[in-house]
Amino acid sequence: MKKIQIALLGLGTVGTGVYEVLRRQKEEIPYKLGVELELKKILVRNLEKAASKVDDPSLLTNEWQDIIQDESIEIVIEVMGGMEPARTYILEALRAGKNVVTANKDLIAAGGKELLDEAAREKKDFLFEAAVAGGIPIIRPLKQCLAGNHLTEVMGIVNGTTNFILSKMSSEGMEFEEALDMATRLGYAEADPTADIEGYDAGRKVAIMASIAFNSRVTFDDVYTEGITKITSTDIRYAREMGCAIKLLGVARLTEEGIEARVHPMLIPSDHPLATVSDSYNAVFVHGDAVDDTMFYGRGAGELPTASAIVGDVFDIARNIRFGCCGRIACTCYKELPVKKITEIRSKYFLRMQVEDRYGVLAGIASVFGNNCVSIAQIIQKAKIGDLAEIVVITDEVEERYFNDSLTILKSMSMIREISAVIRVY
Ligand code: NAP
Ligand code: HSE
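Residues numbered from 1 in each chain as written. Chains lettered and ligands numbered in written order. Predicted model: local features only at pLDDT ≥ 70, side-chain atom pairs only at ≥ 80, totals over all residues. Heavy atoms only, no water.

1. Quick look at the layout of surface pockets
1) Next: Volume-wise, the second largest pocket comes out at about 430 Å³.
2) Next: In terms of lining residues, the second largest pocket is bounded by 21 residues, among which E226, K230, A421, V422 and I423 are the most central.
3) Next: When residues of the lining of the second largest pocket are traced back to their parent elements, those giving at least two are helix 15 (400-412) and strand 17 (416-425).
4) Next: The greatest single-element share of the lining of the second largest pocket, amounting to six residues, is contributed by strand 17.
5) Next: Here the lining of the second largest pocket is built from residues that sort into ten nonpolar, four polar and seven charged.
6) Next: When residues of the lining of the second largest pocket are sorted by domain, at least three fall in each of domain 2 (146-299) and domain 3 (343-425). (1 Å grid on protein atoms, 1.4 Å probe; cavity = no way out; pocket = protein on both sides within 12 Å on 5 of 7 lines; lining within 4 Å. Points joined across faces, edges and corners; volume = space filled by probe spheres on them. Helix = DSSP H or I, 4+ residues; strand = E, 2+ residues; numbered from the N terminus. Nonpolar A, V, L, I, M, F, W, Y, C, P; charged D, E, K, R; others polar. Domains from an automatic or database assignment.)

Right, here's the structure in full:
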């Protein structure tokens, strides 16, 4: 039976998971694939530190040349993360005739085109199921299973750390900092949580999903990102009173004017399937003209869930090697659609503000909105604190630039003491 040799680059959280999943599958692989898989080399930085993580330390190397020059290695799994040397190693591996699997969303969201083009030139597979939503299958469904659709919406909770934080703020009334501390203690949030809480991690996943769903390249720079640091337990409580949950949503939508690609907190109705996705779970909601609505749910990160997606890609490549058909499914971006600016999107808005508690204030607010083409759906006076009243306004759907014009004027009015929250509404 043919034996396919594999190299693993990186033995951190995901690398260790891949090692373990390949070990668990070893006996069944020949029956599943009709070939054997052998992990031949593992690239690490520190041989001593990595030795305790593997049964056979002779697999370890800290020399890239040991892998790139080994012609028997047919599949390279990149799980080092970061831009360099990951980019260079992937390009060199493809040019050396190797197939590549990666989980590196940062690299794909910024420079996926270069890597996919190289894979196509070399007629090799370049697969990255784990780069979006960890263990949840979403890249392959978008590229293959749902290819018979015109997809118009891909929307999801694609960051586990922020979903955990918002879930704790909602279920236990915690403020953001307290919930972030808890996420850090439990190992969900990284030592530097910026990429998660500012929406950059989700933004990279949106760029990748939008490119595949709409067959047109969207990079991370095209994605509007807004994180959850300004969300308070008060906003979450008021949202709940209105029958909504607040979630950090990644939205990719195809409209007549172009692609919307954005990440921001959003009020969504409690009966929407995404509203019930809690803790560190992820979910992606996809709408296509033929399939209608579908939703994919599960573990969006972690050692074994992420490894599950990577090993699935490795199995696919092994089958392609066996039947001599690598490079079958290459880049699917054959259109060049514009990506809309955030000011061009249409949305409803939740606006919470502290205003002077006297006659004429509501009329003043209403006239600002009226003069700027913004229609008010609801206006509610919430708490009264001293001589101030807390007002919540929900608008009808409007182009964001009109809402922003109103906000600029409201901020300049002396009767409005504080704009406390602005959150988009689904
Ligand atoms: P990690 O725990 O930091 O592991 C990365 C490993 O790669 C570390 O052991 C690091 O070595 C090693 N490494 C870095 N540069 C190297 C180099 N030049 N040569 C050899 N080894 C090198 O990161 P991770 O969480 O496993 O993430 C890996 C990738 O998977 C990233 O692209 C990430 O975005 C993606 N991903 C992660 C998850 C998740 O749940 N963690 C989910 C989906 C996707 P040192 O220990 O010496 O630093
Ligand atoms: N940091 C990410 C999350 C996992 O919290 O979902 C890696 O994509």
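2. With respect to the pattern of salt bridges
1) Next: Within this structure, the stated rule accounts for 33 salt bridges.
2) Next: One salt bridge in this structure joins D316 and R319, with 3.9 Å as the shortest N-O distance. Of this pair, D316 and R319 are both found in helix 13 (residues 303-322), three residues apart, which corresponds to roughly one turn of the helix.
3) Next: For R319, a relative accessible area of 35% gives the class partly exposed. (Salt bridge = Lys/Arg side-chain N within 4 Å of Asp/Glu carboxyl O. Buried < 20%, exposed > 50% of the residue type's maximum accessible area, 1.4 Å probe, protein only.)

3. A look at the pairing of strand 4 (residues 73-78)
1) Next: Of all six residues in strand 4, five are buried; the element is thus mostly enclosed.
2) Next: As paired elements, strand 4 and strand 5 (residues 99-102) share four bridges and run parallel to each other. Each bridged residue has a counterpart across the sheet, and for I75 the counterpart in strand 5 is N99.
3) Next: Handedness of the crossover is the feature at issue here: the chain leaves strand 4, passes through helix 5 (residues 86-95), returns alongside strand 5, and the resulting connection is right-handed. (Pairing = 2+ DSSP bridges. Right-handed = clockwise from strand over helix to strand, strands pointing away.)

4. Considering unusual backbone geometry
1) Next: Each neighbour pair has its own omega, and for E84 with P85 the value is 10°, a cis peptide bond.
2) Next: Tracing the sequence through the fold places P85 in the loop between strand 4 and helix 5.
3) Next: Positioned with a positive phi, D292 is a non-glycine residue whose angle comes to about 75°.
4) Next: Within the fold, D292 resides in strand 12 (residues 292-299).
5) Next: Accessibility expressed as a relative area gives 44% for D292, which makes it partly exposed.

5. Points about the packing of helix 8 (residues 160-172) against helix 9 (residues 176-185)
1) Next: Between helix 8 and helix 9, the shortest axis-to-axis distance is 9 Å and the interhelical angle comes to 125°. In terms of axis orientation, helix 8 runs oblique to helix 9. In terms of crossing hand, the pair formed by helix 8 and helix 9 is right-handed. Contacts between helix 8 and helix 9 involve F164, I165, K168 and M169 from the first element and F176, A179, L180, M182 and A183 from the second.
2) Next: By residue class, the composition of the contact of helix 8 with helix 9 is eight nonpolar, no polar and one charged. (Axes fitted to C-alpha atoms, helices over the stretch in contact; angles between N-to-C directions. Parallel < 35°, antiparallel > 145°, perpendicular 65-115°, else oblique. Left-handed = near helix turned anticlockwise from the far one by under 90°. Contact = heavy atoms within 4.5 Å.)

6. Description of the site of ligand 2
1) Next: As a matter of local geometry, ligand 2 sits amid K105, N159, G160, T161, D196, D201, K205 and A301.
2) Next: The contact in question runs from an oxygen atom of ligand 2 to an N or O atom on the side chain of K105, over 3.0 Å.
3) Next: Relative to its unbound accessible surface of 260 Å², ligand 2 loses 83% to contact with the protein.
4) Next: For the shell around ligand 2, the secondary structure elements donating two or more residues are helix 8 and helix 11 (200-214).
5) Next: Tallied by class, residues from the shell around ligand 2 come to one nonpolar, three polar and four charged. (Near = heavy atom within 4 Å. Polar contact = N/O pair within 3.5 Å; in protein donor to acceptor, adjacent residues only side chain to side chain. Areas by Shrake-Rupley, 256 points an atom, 1.4 Å probe, with all protein chains shown as cover.)

7. Section: empty space enclosed by the protein
1) Next: Inspection of every chain in the model, using the stated rule, returns three cavities of 30 Å³ or more.
2) Next: In terms of lining residues, the largest cavity is bounded by 14 residues, among which L127, R140, K143, Q144 and I329 are the most central.
3) Next: Taken together, the elements giving at least two residues each to the lining of the largest cavity come down to strand 6 (126-127), helix 7 (139-145) and helix 13.
4) Next: Residue contributions to the lining of the largest cavity peak at four residues, all from helix 7.
5) Next: Taken together, 14 residues make up the lining of the second largest cavity; nearest its centre are L116, I208, S211, I212 and R217.

8. Structural notes on the nonpolar core
Buried together is how nonpolar side chains tend to be arranged in soluble globular proteins.
1) Next: In terms of nonpolar packing, the biggest core is built from 80 residues, with I138 and L142 touching the most fellow members.
2) Next: Ranked by residues supplied to this core, first place goes to helix 11 with nine residues.
3) Next: Setting aside its immediate chain neighbours within four residues, I138 contacts E129, V132, A133, M209, V284, V286 and F296.
4) Next: Counting 37 residues, the second-largest nonpolar core is a separate cluster that includes V21, V44, I75 and I310. (Core = buried A, V, L, I, M, F, W, Y, C linked by side-chain atoms within 4.5 Å.)

9. Re helix 14 (residues 361-371)
1) Next: Those residues of helix 14 that sit buried are V361, G364, I365, V368 and F369. All buried residues of helix 14 project into a common sector of 135° when viewed along the axis, lining one side. For helix 14, the exposed residues set more than 90 degrees away from the buried face come down to A363, G370 and N371. (Arc of directions from axis to C-beta.)

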